[in-house]
Amino acid sequence: MGDPPAAKTFYVTTPIYYVNDVPHIGHAYTTLSADVLARYHRLRGREVFFLTGTDEHGQKVQRSAAEQGLEPIELADRTVERFQAIWEALHISNDDFIRTTEPRHRRAVEAIFRRIDEAGDIYPGEYEGLYCVPCETFWTELQVGEGGCPSCGRPVETVREKSYFFRMSRYEKRLLEHIERHPEFIQPESRRNEILSFVRQGLKDLSISRTTFDWGLPVPTDPSHVLYVWFDALTNYLTAPGLGTDPERFERIWPADVHLIGKDILRFHAVYWPTFLMAAGLPLPRVVFGHGWWTVEGQKMSKSLRNVVDPLWLIETYGVDAVRYFLLREVSFGADGDFSHRAFIGRLNADLANDLGNLLSRTVGMIQKYCDGVVPEPSEETALEVAFRERAEAVMVAQDGFMAQCAFQKALINIFELVAAANKYVDETAPFKLAKREADRPRLRTVLYTLAEGLRFLRLLTDPYMPTTAAKIGCQLGIPALEPGRPFNEVSRWGGTEGGQTIHEGPKLFPRIEEDRAVAIHEEVARLADAEEAPPEEDAVEEIGIEEFQRVSLRTARIVAAEPVPKSKKLLKLTVEVGGGEQRQLVAGIAQDYTPEALVGKSVVVVTNLKPARLMGVESQGMVLAGETPEGKVVLATFDEPLEPGCVVK
Ligand code: MSP
């Protein structure tokens, strides 16, 4: 991102979220990344202003409220509470929360509108074109073609009405020049290229007012029009710093250092927004970063799939820092990513429970055991200590570069390489052996000091990403987060503590999640994905025709062998005969209700044309049918009279 002037407040924003939708991980992702930047700069002693909020006007919100029998403001009030609850649970440290229905926002919108108007860049005209309400976006006929809205595919509406226009065409050259001269302005680079080619095709003037609905801010010079919702929404970035209300504060905070947004709303932020600002004579934001989109278990995040990645549920299930870590570690910030529970649990167990958690517990455990719970003072360093120290120092220094590029994934990989190096250092120095000989005591003290100091570095490094975990590390090591008034470059120097502090052994940082749990969640997700189109009511089962039922191949089968699946409490591996001498391997979640011995010889019903799936690494070539009691006991479906394997079940 380049270096901003040091004294200026570091200003980071998220998009303001529409209030017709409930918060999901897509929203959580943008807000979390902004939180990491905010915490990072605060830790280094910079003044920070971190803004998030809600976008409450526009036709989409008005329609959605009407459908629910609510006034738009009632819908907004309800949704705002949900967003705020999520931000609290996710430990988001925003300094302000802007709502576009607040009076201060109206003042800022009036201020920017008047500036643009005074520059002669707003004129009345007639708008005729195509509009997509869900996306609140105008499109040309060429863009729409046969396929509906180019962004969401839904039908667009033809709109013809009087409208005020913004003379965007006038800023085409200046915008191009700005993008070309400031390679950091639009990130990542692929998105910058998209915008460059969009602008090179020419900028048309933009309709910025509407008369066909009234849920919005009035055009200051003509209250019979409401402002286009994007004109209103983008201005939020100026409202909170104080445009129209607090000029001094505004001066200190604006321009934004970085607007973090999803790739879908890049054009608004990288084309419309800078041209509005140019017309208003205001400085442009330094960086607009368009991150990628999440899918869930490989599928588009539909309404029902959102439930399994509901941020509050995830936080309750796995813990807030595991969620924070996973979202930023799993994919590179500009790229699209997939949220899979297996991947989540894998990372949680490997990186957090094993690597980081064990490093802390073994270090603290050894200091307790060998040094009476007091971090020792070091004596002479050997090449091993020098190598480890240099690595820790290099990781600390590298963070600035990562943050400047919003490279959260790279930063976390780099930090966890230090965790791995620390674990390797324990293996190489074998402190438990050193403890056995009195003559090795000084060496033991150096090793334990080095580990404690390494963990103190990790405490500082992980703080922006996992603040609670970082605090726990600090607490167990007996070190304060940051002594007030002590500059970060001093605290982050190797040897920043001399030893002598008392440690406090505590609970594990991250409990391991059992793989069974992963399988259960995975199955639930697959079920939800399949049931995607099904009605939500449990007893309102969707009707299907006989042809659809006949597509399922059901056969009688005889169980010829059964054995537990290693490391699983729920699963059994079955070998079944399905007729014609053919044998199949199935994996069934029945281990809690059947022993392998009780199963051999039983006649069961098997779906034989199900796509093979792997469960806990074992292939399942079909599915055995069973019922479930209200208490959750699984009972296999069998027959009144014995039937040979391979008979059709219909
Ligand atoms: N209200 C506008 C923004 C106005 S900013 C001046 C808006 N709101 S939104 O609620 O629809 O989207 C907010 C953000 O959520 C966008 O950055 C969007 O990219 C992000 N996401 C929505 N779904 C997402 C995923 N599936 N994955 C990642 N981010 C996603 O647009």
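From a predicted model like this one, the values you see are computed outputs, not experimental measurements. (Residues numbered from 1 in each chain as written. Predicted model: local features only at pLDDT ≥ 70, side-chain atom pairs only at ≥ 80, totals over all residues. Heavy atoms only, no water.)

1. Quick word on the packing of helix H15 (residues 341-371) against helix H19 (residues 441-462)
Two numbers describe a pair of packed helices, the interaxial angle and the distance between the axes.
Next, step 1: Running from amino to carboxyl end, H15 crosses H19 at an angle of 145°, the nearest separation of the two axes being 10 Å. Where H15 crosses over H19, the handedness of that crossing is left-handed. Of H19, the residues touching H15 (which contributes Leu356, Leu359, Leu360, Thr363, Met366, Ile367, Tyr370 and Cys371) are Arg441, Leu444, Leu448, Leu451, Ala452, Leu455 and Leu458.
Next, step 2: Of the residues in the contact of H15 with H19, the class split is 13 nonpolar, 1 polar and 1 charged. (Axes fitted to C-alpha atoms, helices over the stretch in contact; angles between N-to-C directions. Helix = DSSP H or I, 4+ residues; strand = E, 2+ residues; numbered from the N terminus. Left-handed = near helix turned anticlockwise from the far one by under 90°. Contact = heavy atoms within 4.5 Å. Nonpolar A, V, L, I, M, F, W, Y, C, P; charged D, E, K, R; others polar.)

2. Here's the deal with the sheet that holds strand S22 (residues 623-624)
Across a sheet, strands are paired by hydrogen bonds formed along the backbone, either parallel or antiparallel in direction.
Next, step 1: The antiparallel open sheet is built from 5 strands, whose spatial order is S18-S17-S16-S19-S22. Pairing within the sheet leaves two strands with one partner each, and these edge strands are strand S18 (583-588) and S22.
Next, step 2: The pairing of strand S19 (residues 603-607) with S22 spans 2 bridges and is classified as antiparallel. Of the residues in S22, the one forming a bridge with valine 606 is valine 624. (Pairing = 2+ DSSP bridges.)

3. Description of the confidence of the model for the protein
Next, step 1: Summarising the model, the protein shows a mean pLDDT of 91, and 95% of its residues fall at 70 or more.
Next, step 2: Every residue in residues 1-5 is under pLDDT 50, and counting partners more than four places away or in other chains gives 17 contacts.
Next, step 3: Below pLDDT 50 for its whole length, residues 533-540 participates in 3 contacts with residues either more than four positions away or in separate chains. (pLDDT = per-residue confidence, 0-100.)

4. What to know about the packing of aromatic side chains
Next, step 1: One pass over the structure, following the stated rule, counts 33 aromatic pairs.
Next, step 2: Judged by centre distance (4.9 Å) and plane angle (50°), the rings of phenylalanine 231 and phenylalanine 276 are tilted. Of this pair, phenylalanine 231 sits in helix H8 (residues 229-234) while phenylalanine 276 sits in helix H11 (residues 266-280); the two residues are 45 residues apart in sequence, bridging distant segments of the chain. Grouping residues by exposure puts phenylalanine 231 and phenylalanine 276 together as buried. (Phe/Tyr/Trp six-rings, centres within 6.5 Å; stacked < 30°, edge-to-face > 60°. Buried < 20%, exposed > 50% of the residue type's maximum accessible area, 1.4 Å probe, protein only.)

5. Side note on the environment of glutamate 381
Next, step 1: Tracing the backbone through its elements, the reader meets glutamate 381 in the loop between H15 and helix H16 (383-404).
Next, step 2: A relative accessible area of 38% places glutamate 381 in the partly exposed class.
Next, step 3: Between the C-alpha atoms of glutamate 381 and glutamate 547, which are 166 residues apart in sequence, the distance is 77 Å.
Next, step 4: Beyond its immediate sequence surroundings of up to four residues, glutamate 381 is in contact with Val386, Arg389 and Trp494.

6. Concerning the site of the ligand
Next, step 1: The environment of the ligand is formed by 23 residues, the closest being Ile16, Asp55, Gly262, Asp264 and Trp294.
Next, step 2: Between the ligand and the protein, one listed contact pairs an oxygen atom with a backbone N or O atom of glycine 262 at 2.8 Å.
Next, step 3: Here tryptophan 294 contributes a backbone N or O atom positioned 2.8 Å from a nitrogen atom of the ligand.
Next, step 4: Within the complex, 94% of the 670 Å² of free accessible area of the ligand lies under protein.
Next, step 5: At the level of elements, strand S1 (10-18), helix H1 (25-43), H8, helix H9 (236-239) and strand S12 (258-262) are the ones that each hand at least two residues to the shell around the ligand.
Next, step 6: At 4 residues, the largest contribution of residues to the shell around the ligand is made by S1.
Next, step 7: A breakdown of the residues in the shell around the ligand according to their chemical character gives 13 nonpolar, 8 polar and 2 charged. (Near = heavy atom within 4 Å. Polar contact = N/O pair within 3.5 Å; in protein donor to acceptor, adjacent residues only side chain to side chain. Areas by Shrake-Rupley, 256 points an atom, 1.4 Å probe, with all protein chains shown as cover.)

7. Some thoughts on the side chain of arginine 99
Next, step 1: Residue placement: arginine 99 occurs in strand S3 (residues 96-99).
Next, step 2: Filtering out sequence-adjacent residues up to four positions away, arginine 99 remains in contact with Thr54, Glu56, Ile73, Ala76, Asp77, Val80 and His105.

8. A short note on the domain arrangement of the protein
Bring the parts together and some accessible area is lost; that lost area is often taken as the interface size.
Next, step 1: As assigned here, the protein comprises domain 1 (10-291), domain 2 (341-491) and domain 3 (547-636).
Next, step 2: Spacing between the C-alpha centres of domain 2 and domain 3 amounts to 47 Å. (Domains from an automatic or database assignment.)

9. Overview of the pattern of salt bridges
Side chains that differ in charge, positive against negative, can pair when their charged atoms come close.
Next, step 1: The tally for this structure, following the rule as stated, stands at 32 salt bridges.
Next, step 2: Across the salt bridge formed by arginine 324 and aspartate 35, the nearest N and O atoms sit 2.7 Å from each other. Taken as a pair, arginine 324 in helix H14 (residues 320-330) and aspartate 35 in helix H1 lie far apart in primary sequence, 289 residues in all. Take arginine 324 and aspartate 35: they sit in the same class, and that class is buried.
Next, step 3: A salt bridge links arginine 99 to glutamate 56, with the nearest nitrogen and oxygen atoms 2.6 Å apart. Taken together, the residues span a long stretch of sequence, with arginine 99 in strand S3 and glutamate 56 in the loop between strand S2 (48-55) and helix H2 (59-67) at a distance of 43 residues.
Next, step 4: What makes glutamate 56 buried here is its relative accessible area of 0%. (Salt bridge = Lys/Arg side-chain N within 4 Å of Asp/Glu carboxyl O.)

10. Section: H14
Next, step 1: Counted residue by residue, H14 has 10 buried out of 11 residues, so it is predominantly covered.
Next, step 2: Looking only at H14, the buried set comprises Val320, Asp321, Ala322, Val323, Arg324, Tyr325, Phe326, Leu327, Leu328 and Arg329.

11. Points about unusual backbone geometry
Next, step 1: Here the amide bond leading from glutamine 187 into proline 188 is cis, since omega sits at -5°, within 30 degrees of zero.
Next, step 2: Considering the arrangement of structural elements, one finds proline 188 in the loop between strand S7 (186-187) and helix H7 (189-200).
Next, step 3: Between tryptophan 254 and the following residue, proline 255, the backbone shows a cis peptide bond with an omega angle of 5°.
Next, step 4: Phi at histidine 91 is positive, roughly 60°, even though this residue is not glycine.
Next, step 5: Turning to its location among the elements, histidine 91 is positioned in the loop between helix H3 (72-89) and S3.
Next, step 6: The exposure class assigned to histidine 91 is partly exposed, which follows from its relative accessible area of 30%.
Next, step 7: For aspartate 372, which is not glycine, the phi torsion reads 55° and is therefore positive.
Next, step 8: By the secondary structure assignment, aspartate 372 is in the loop between H15 and H16.

12. Regarding the pairing of S3
Next, step 1: Alternating residues of S3 divide into Asp96 and Ile98 and Phe97 and Arg99, and every residue in both groups is buried.
Next, step 2: Pairing of S2 with S3 involves 4 bridges; the strand directions are parallel. Each residue of the ladder has a partner; that of threonine 54, found in S3, is arginine 99.

13. Details of the sheet that holds S1
Next, step 1: Taken in spatial order, the 6 strands of this open sheet run S3-S2-S1-S12-S13-S7, and their pairing is parallel. Looking at strand neighbours, the two that pair on one side only are S3 and S7, the edges of this open sheet.
Next, step 2: As paired elements, S12 and strand S13 (residues 288-291) share 4 bridges and run parallel to each other. Its bridge partner being in S13, glycine 262 is matched across the sheet by histidine 291.

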